[in-house]
Amino acid sequence: MADSPSAQAPLAILTGGQGDLAQATRGQLQAQGWKVEAPGREELDVLSSESTQRYFEPRPAVDLLICFAGVAENRLLARQNPAAWQHVIDTNLRGAMWAARAVSRGMARRRNGTILFIGSQAALDGPIGQSAYAAAKAGLHGLAKSLAAELGPRNVRVNVVHPGWLETKMTAALPQPVKEAAQRAHALGRFTPVSEAARFLAALPSFATISGQIFHLDSRLHR
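The shown structure was predicted, so the numbers you read here are calculated from the model rather than taken from an experiment. (Residues numbered from 1 in each chain as written. Predicted model: local features only at pLDDT ≥ 70, side-chain atom pairs only at ≥ 80, totals over all residues. Heavy atoms only, no water.)

Draft legend 1. Quick peek at the pattern of salt bridges. In the structure shown here, the tally under the stated rule is 3 salt bridges. Here Glu 37 makes a salt bridge to Arg 59, at a shortest N to O gap of 2.7 Å. On the criterion of sequence distance, the pair formed by Glu 37 in strand E2 (residues 35-37) and Arg 59 in the loop between helix H2 (49-56) and strand E3 (64-67) is long-range, its members being 22 residues apart. Of the charged contacts in the structure, one is a salt bridge between Arg 41 and Asp 45, with a shortest N-O distance of 3.5 Å. Exposure remark for Arg 41: the relative accessible area of 53% places this residue in the exposed category. Residue classification places Asp 45 among the buried positions, given a relative accessible area of 19%. (Salt bridge = Lys/Arg side-chain N within 4 Å of Asp/Glu carboxyl O. Helix = DSSP H or I, 4+ residues; strand = E, 2+ residues; numbered from the N terminus. Buried < 20%, exposed > 50% of the residue type's maximum accessible area, 1.4 Å probe, protein only.)

Right, here's the structure in full:
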């Protein structure tokens, strides 16, 4: 939470806020006393600099930004529509940049704030058929490290969190052989519950000396 007590609750904004992990994180943060806004795309379209500016302009004092907004397009590059490829890059990477840019000035001015990007193991493994997604998520690593160096003197922390293969409706619906193969890649033989990933995301802003880091919330060892 915020570094010092205040009569006003600190404000957290979660882009792409209607997803399962975002909603679970919202609940964790609210339990800690945060005021949380979790806008969907109709309220905050991170693909648009104008939409991003309109949303953040009346909110100059954002204490925590978590960039959940993201999409994936699984297709071999030779069969990939260039417009679809660009859409994945723009949503996952460019959208995170617009949101971080919108809050960073206020955070720097107040000398306090946290920005969290939601990354993916795909950034490291580069799975077949996920060239756009892997490239975008890898870009978040560079963006986070650069911003951590840029904003560190102003006490703004920037990190990336890889939630891992979460236990969601989507993964539950996968064919059993696919799920079992994925589980075998985990030393603990199980996926990360959404609630556990949300607890980590809600706790990370309270650490005042962690920035420029990439966190992995599962037990895969082939990194």
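There's more to say after this.
Draft legend 2. Molecular detail of the nonpolar core. The biggest cluster of nonpolar side chains holds 26 residues, and the ones touching the most others in it are Phe 56, Leu 65, Ile 115, Phe 117 and Val 158. At the level of elements, strand E1 (11-15), H2, E3, helix H3 (82-110), strand E4 (113-118), helix H5 (131-151) and strand E5 (156-162) are the ones that each hand at least two residues to this core. Core analysis: the next-biggest nonpolar cluster, separate from the first, contains 22 residues, Val 161, Ala 197, Ala 198 and Ala 202 among them. (Core = buried A, V, L, I, M, F, W, Y, C linked by side-chain atoms within 4.5 Å.)

Draft legend 3. Looking closely at a positive patch on the surface. On the surface, Arg 101, Arg 105, Arg 109 and Arg 110 cluster together into a patch of positive charge. Structurally, Arg 105 is set in helix H3. (Patch = residues over 30% accessible without salt bridge, like charges linked within 9 Å, V, L, I, M, F, W, Y side chains within 5 Å. Areas by Shrake-Rupley, 256 points an atom, 1.4 Å probe, with all protein chains shown as cover. Lys, Arg positive; Asp, Glu negative; His and termini not counted. Charge placed at Lys NZ, Arg CZ, Asp CG, Glu CD.)

Draft legend 4. Just the packing of aromatic side chains, in detail. Inspection of every chain in the model, using the stated rule, returns 3 aromatic pairs. Taken together, a centroid distance of 5.5 Å and an interplanar angle of 75° make the contact between Tyr 55 and Phe 56 edge-to-face. Each member of the pair, Tyr 55 as well as Phe 56, carries the same accessibility label: buried. Between Trp 165 and Phe 191, the ring centres sit 4.9 Å apart and the planes meet at 5°, which makes this aromatic pair stacked. Residue Trp 165 is found in the loop between E5 and strand E6 (166-167), and its partner Phe 191 is found in the loop between helix H7 (176-184) and strand E7 (192-193); the two are separated by 26 residues along the sequence. Residue Trp 165 is classed as partly exposed on the basis of its relative accessible area of 23%. (Phe/Tyr/Trp six-rings, centres within 6.5 Å; stacked < 30°, edge-to-face > 60°.)

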